[in-house]
Amino acid sequence: MRNKALNLLLMAVLLSSCQLNPVEQTAEVYCVDSIVMPEGLTAEVSALDFLADGRLVAGFMRGEILLYDPSTDAWEVFATGLHEPLGIRVISPAEMLVMQLPELTLLKDTDGDGKADVYQTVFDDFGMTGNYHEFAYGPVKDQDGNTYIALNAASSGGGISQETRGDTLMIGKSETSRAMFSVVPYRGWVLQIDSSGQMTPFASGLRSPNGMVVDQENRLFVTENQGDWVGSSALYHIQKDKFYGHPSSLVWTEGWDRGNPFDLTTAQLDAMREAPAVIFPHDILANSPSQPVMIHEHPALAVFDGQMLVGEMGSERLVRVQLESVNGVMQGAATTFIDGSGLRKGNNRLVFAPNGDLWVGQADHGWLGDRGIQRISFTGRVPFDIQHISLQKDGFDIELTKPLSYHDSLWTDSTLHVQRYRYAYHEKYGSPQIDLEDLEVKVSDVSSDRRRLKLVLDDLKSGFVYQVTLNGLISTDGQDTLDHKAVFYTVKELR
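It should be emphasised that the depicted structure is a prediction, and the values quoted were computed from it without experimental measurement. Starting from 1, residues in each chain are numbered consecutively following that chain's sequence as written. Owing to the predicted nature of the model, reporting of local features is limited to residues with pLDDT of at least 70; listing and counting of side-chain atom pairs is limited to 80 or more, with chain, interface and lining totals taken over all residues. Here the side-chain values reflect all heavy atoms present in the structure, with hydrogen atoms and water set aside.

Classification of residues uses two cut-offs on accessible area relative to the type maximum, computed with a 1.4 Å probe and protein chains only: under 20% is buried, over 50% is exposed, and between them is partly exposed. Numbering goes from the N terminus for both helices and strands, where a helix is a DSSP run of H or I of at least four residues and a strand is a run of E of at least two. Within strand 22 (residues 317–326), eight of the ten residues are buried, which leaves the element mostly enclosed by the surrounding structure. Pairing between strands is defined by DSSP: at least two bridges between them are needed. Judged from the four bridges that link them, strand 21 (residues 308–312) and strand 22 form a sheet pairing that is antiparallel. Note on strand 22: the bridge partner recorded for Met308 is Val321. If you look at the hairpin formed by strand 21 and strand 22, you'll find four residues sitting between the two strands.

See below:
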């Protein structure tokens, strides 16, 4: 037993070695270390949150909710027997709201022994067919006390059981080419549940919304995964009564009288849908985005305050999102935040700890990924990076986190490259880049503080991703090259 404990301690030290021996430039900005998981646990992380006392609350796909104390490395069981709990929100040390496959559940520890002894159904008024792909996400809460959950559409790769829950409309299931379907309510919807427990079908048209967040302005955002009717993965600004593109869920719209939504033309559906706020280019930036978290009042990440970090299942990467309002419409850009540097694949759930560390839970539940939990600690060093990009009438303004070492011959075709492309909205699974073109750019101005670049472009167009790549940039102290060279701006509206 003593040798086993010694081995576990040695393993913990080795897994934290990045704190002792940083070998990369990024290790000076952040450090990634891996948490030793309990023996025998299938560590497919499905939910993360924190207690106010600094203990981590972790949910796992096999149904456990465990507590982890970073100060002692001790694990405790809070609840078991849940069904794929893909989201959790801590209310107090004795109460937690969990979104599991069949219902939104309130877990209560009523006798104070540290374990839940009451599993109370809060909401289960949605359909289930037994299809493996009918995941359920959330809960997130807005500033008005409303709770939001999101429901996956079902997959033709899985069947329907003889016993279902909810009214059944067999629309879209008969044709196997239509990969995702919604034959029970409210698959493919975001649902709003107010403080009295009243549910409102909030927004439709989603395929696999594996991540939700409410920002400081009380706006709801959801990530979406590439697939049929989704040309490339995206982030949506979710608003009441709007349709986000996947036809299957339209039949559950109140007053729907247009028959099978799959019989509508692509042009008709396109005219109805709300386009993404940000597109994550497939095979370039992110293939399977997951949970977003807001950067807010974080001392070590102050240069990115108000921005968003998004998990990525398909690679060793986290994505950073920068949003702005143009003509009252939310749109913006995405870039890499962490790429490699010890981070694993399968980055499914993210949460900031009370002390500012970012915790990442990984899963490979039939998907590309790894298992376990990693902690990202920040040194406070400011990276040399693209802080923000903003759309202008004639191009883009780019702000850097540090001053640029600038000279007149800096801008060449090899150092500054801008492309634009778009993705098709169609029934097929995903889309290649279409209408791809290289753009001629004039760098009209570098600000006096050498932190702001103005890029002038001819003929800006909406509906495109603009990919801006900056190579060879060096900070004024000569110590830093640009950490992440490409930024991807989705233009919905023109100024």
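Turning next to the sheet that holds strand 26 (residues 372–378). One open sheet accounts for four strands, arranged 1-26-25-24; its pairing is antiparallel. Single-partner strands in this sheet number two, and they are strand 1 (30–34) and strand 24 (347–352). Adjacent strand axes in the sheet meet at a mean angle of 20 degrees, parallel and antiparallel pairs treated alike. Sheet analysis places strand 1 next to strand 26, joined by five bridges and oriented antiparallel. Bridge pairing in strand 26 links Tyr30 to Phe378. To get an axis, fit a line to the C-alpha atoms, keeping to the stretch in contact for a helix; angles then go from 0 to 180 degrees between the N-to-C directions.

Buried residues dominate strand 18 (residues 234–238), accounting for five of its five residues. Examined bridge by bridge, strand 18 and strand 19 (residues 278–279) share two bridges and lie antiparallel to one another. Considered in strand 19, the bridge of Ala234 is made with Ile279.

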